[in-house]
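Each chain is listed here by its residues.
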Amino acid sequence: MQTPTITIGCGLVQGVDAIPVQVEATARHAGDGTPRLLGLVDACVREAYHRVLQAFFALDLPSPRGVTTVNFAPAALRKHGSGFDLPLALALAGAGGLYPAERATRLFAFGEVSLRGEILPARGAVSVALAAAQQGARALLCSPADAAVCAAVDGLTLYGAATLADAIHWLAGHKQLPAPPPRPAAPADAVPDLADLRGHQTPKRALAVAAAGGHNLLFVGPPGTGKSALLRRLPGLLPPLAAAERLAVLQVHAAAGLSLPDERRPLRAPHHTSSAASVLGGGADVRPGEITLAHHGVLFLDELPEFRRDVLEALRQPLEDGTVTVGRARQTVTMPARFLLVAAMNPCPCGYRGHRQRPCICTPAAVARYRQRLSGPLLDRLDLQVEVPALAAAELRAAADPNGGTEALRTQVLIAHARQTQRQAGAAAFTPNARLADRALLRACAATDAALACVDDVLTRHQQSARGRVRLLRLARTLADLDDRDHVDDVDVMEAASLRGFARAPGLA
């Protein structure tokens, strides 16, 4: 009697999500006995058949015989990746009668199989686990390492098998698999403290505002003034990841084949020579780019004008929507990209325009060309534009300000974050001040008459648009939150205008 067709669930990782795939194997002869892999599989998946047969031999397992057809459905999607090794092996084993067919019901599997029969982690296991949970899978079978990582997914039973023999014996009912081990805690890198940097009270205030309200930030100043050192300390001020955010960050990094170093928000700092595909995501098999890897974290662009113009302009849509869509001939993939953009730049090509001591050697035309590398619409999306001046020798020798350290500023940030959370009690999702829509912003501001009059005055004097008004009010709301106040007042509006760069120093004009 022929063994019925065996179906094992799996997932095709595209971007950061996984599309459910069914791996079907049958022992019914439908041709000359030559094995066929159907369903638009690539070379990696075709090679999996031979890897799996070698693994059966290495583990002294009965080799599946008479299996002529394996189908990967839906057939119209191109299948790629080593994660199909394990479901292919289990489907072949089931079709060969190595375990009862009912044991494969609603079972998902994902993992690479080595020639020795070891089950190895595969890129995108968290995405496949989420897809399996949404499909109502009974369980997900994978490597022990992937099972530990996927434990963050609710509503899914996980099994980690070290070898293909363990997996088949478990399906046959001859072996119990241990519970997935806890995810190993990665050693946390030491977080640099803002107290190590002397002076720069205004830039530090801008960092706290950016962290508290999710506002994009640009530092402008001569070389060596501490722009990069300040911005790299920003993640230490950010609120901790919520459970849903932590899972989203874990999914993104797993889809990219990376591990999350610790529980802090990610910081990505691509080089200015990076291509558009590396920053935005892409490739033949679309993978997350830097802006997606910075999801729920920080994207740091040092030497901002040195980035390619097309890369910078492509950031405008993700900054507004929180997603990036990558189109290819056969597929269009949308990936999350809700990040905090922070950037640093010099005021001119030589870097010393407005410096206290060193003269600038740039011509006005060279300065104009340098500034024109950044478009007005991109600059408008940088809520905070702050000068980082060169410090005098006496300021560098001064004692550290106890109120300018990371811990003190983070306390203010957490107070401001708690205020925002309290105002949005009952909302479906948390929205930071930097993304508040018009009606929600007006309710949240509770602006005094003096504040509204000050807003009108600032907009008139600096010829700002309606979008500039919204961004000014968002900043003012965050400043009031940092000071633990309910109402936005005129002092908040004036400070917001200053941090927006409306009252720039001569070196930045």
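Below is a summary of the structure that appears in this document. (Residues numbered from 1 in each chain as written. Predicted model: local features only at pLDDT ≥ 70, side-chain atom pairs only at ≥ 80, totals over all residues. Heavy atoms only, no water.)

### Concerning the pattern of salt bridges
Within the structure shown, the criterion is met by 26 salt bridges. Here Asp310 ties to Arg308 by a salt bridge, and the two come within 2.7 Å at their closest N and O atoms. Sharing partners across several salt bridges, the network here consists of Arg205, Asp483, Arg485, Asp492 and Glu495. (Salt bridge = Lys/Arg side-chain N within 4 Å of Asp/Glu carboxyl O.)

### Some words on the environment of Asp489
Following the sequence through the fold, Asp489 ends up in the loop between helix H19 (466–482) and helix H20 (490–499). In this structure the C-alpha to C-alpha distance between Asp489 and Val70, which are 419 residues apart in sequence, comes to 69 Å. With near-sequence residues (within four places) excluded, Asp489 lies in contact with Thr448, Ala450 and Ala451. (Helix = DSSP H or I, 4+ residues; strand = E, 2+ residues; numbered from the N terminus. Contact = heavy atoms within 4.5 Å.)

### Examining the nonpolar core
One finds Leu90 and Leu141 to be the most contacted residues of the largest nonpolar core, which totals 98 residues. When residues in this core are grouped by element, the largest group, 8 residues, is from helix H2 (residues 85–95). For Leu141, the contacting residues outside a window of four places in its chain are Leu86, Leu90, Leu107, Phe108, Ala109, Phe110, Tyr159, Ala161, Ala167, Trp170 and Leu177. Residues Leu238, Ala444, Ala476 and Ala496 belong to the second largest nonpolar core, which totals 49 residues. (Core = buried A, V, L, I, M, F, W, Y, C linked by side-chain atoms within 4.5 Å. Buried < 20%, exposed > 50% of the residue type's maximum accessible area, 1.4 Å probe, protein only.)

### Details of the packing of helix H18 (residues 449–462) against H19
Two elements in contact, H18 and H19, have axes whose closest approach is 11 Å; the angle formed by their N-to-C orientations is 135°. As judged from the angle between their axes, H18 and H19 are oblique. Note that H18 runs across H19; the crossing there is right-handed. In contact with Leu452, Val455, Asp456, Val458 and Leu459 of H18, H19 contributes Gly468, Arg469, Leu472 and Leu473. (Axes fitted to C-alpha atoms, helices over the stretch in contact; angles between N-to-C directions. Parallel < 35°, antiparallel > 145°, perpendicular 65-115°, else oblique. Left-handed = near helix turned anticlockwise from the far one by under 90°.)

### Concerning the sheet that holds strand S10 (residues 217–220)
Read across the open sheet, the 5 strands follow the order S11-S14-S17-S10-S18; overall the sheet is parallel. Edge positions in the open sheet fall to strand S11 (267–268) and strand S18 (384–387), since each of these has one partner strand only. Judged from the 4 bridges that link them, strand S14 (residues 298–301) and strand S17 (residues 340–345) form a sheet pairing that is parallel. Bridge pairing links Val298 to Leu340 in S17. (Pairing = 2+ DSSP bridges.)

### Let's talk about the environment of Ala294
Take Ala294: it is sitting in the loop between helix H10 (290–293) and S14. Residues contacting Ala294, with those up to four places away along its chain left out, are Pro266, Arg268, Leu299, Arg338 and Phe339.

### Topic: the pairing of S17
Burial runs high along S17: 6 of the 6 residues are buried. What you see with S17 is no split at all: Leu340, Val342 and Ala344 on one side and Leu341, Ala343 and Met345 on the other are buried throughout. As judged from the 4 bridges shared by S10 and S17, these two strands associate in the parallel manner. Looking across to S17, one finds that Leu217 is bridged to Val342.

### Structural notes on helix H16 (residues 406–423)
Taking 1.5 Å as the rise per residue, H16 with 18 residues should run 26 Å; its terminal C-alpha atoms sit 26 Å apart, in good agreement. What H16 keeps buried is the set Thr406, Leu409, Val413, Ala416, Arg419 and Gln420. One side of H16 holds all its buried residues, which, seen down the axis, span an arc of 150°. What points out from H16, more than 90 degrees from its buried face, is the exposed set Glu407 and Gln422. (Expected span 1.5 Å × (residues − 1). Arc of directions from axis to C-beta.)

### Some points on unusual backbone geometry
Looking along the chain, the bond that leaves Ala73 and enters Pro74 is cis, with omega of 5°. Structurally, Pro74 can be placed in the loop between strand S4 (69–73) and H2. Unusually for a residue other than glycine, His296 sits at a positive phi of about 60°. Among the secondary structure elements, His296 is positioned in the loop between H10 and S14.

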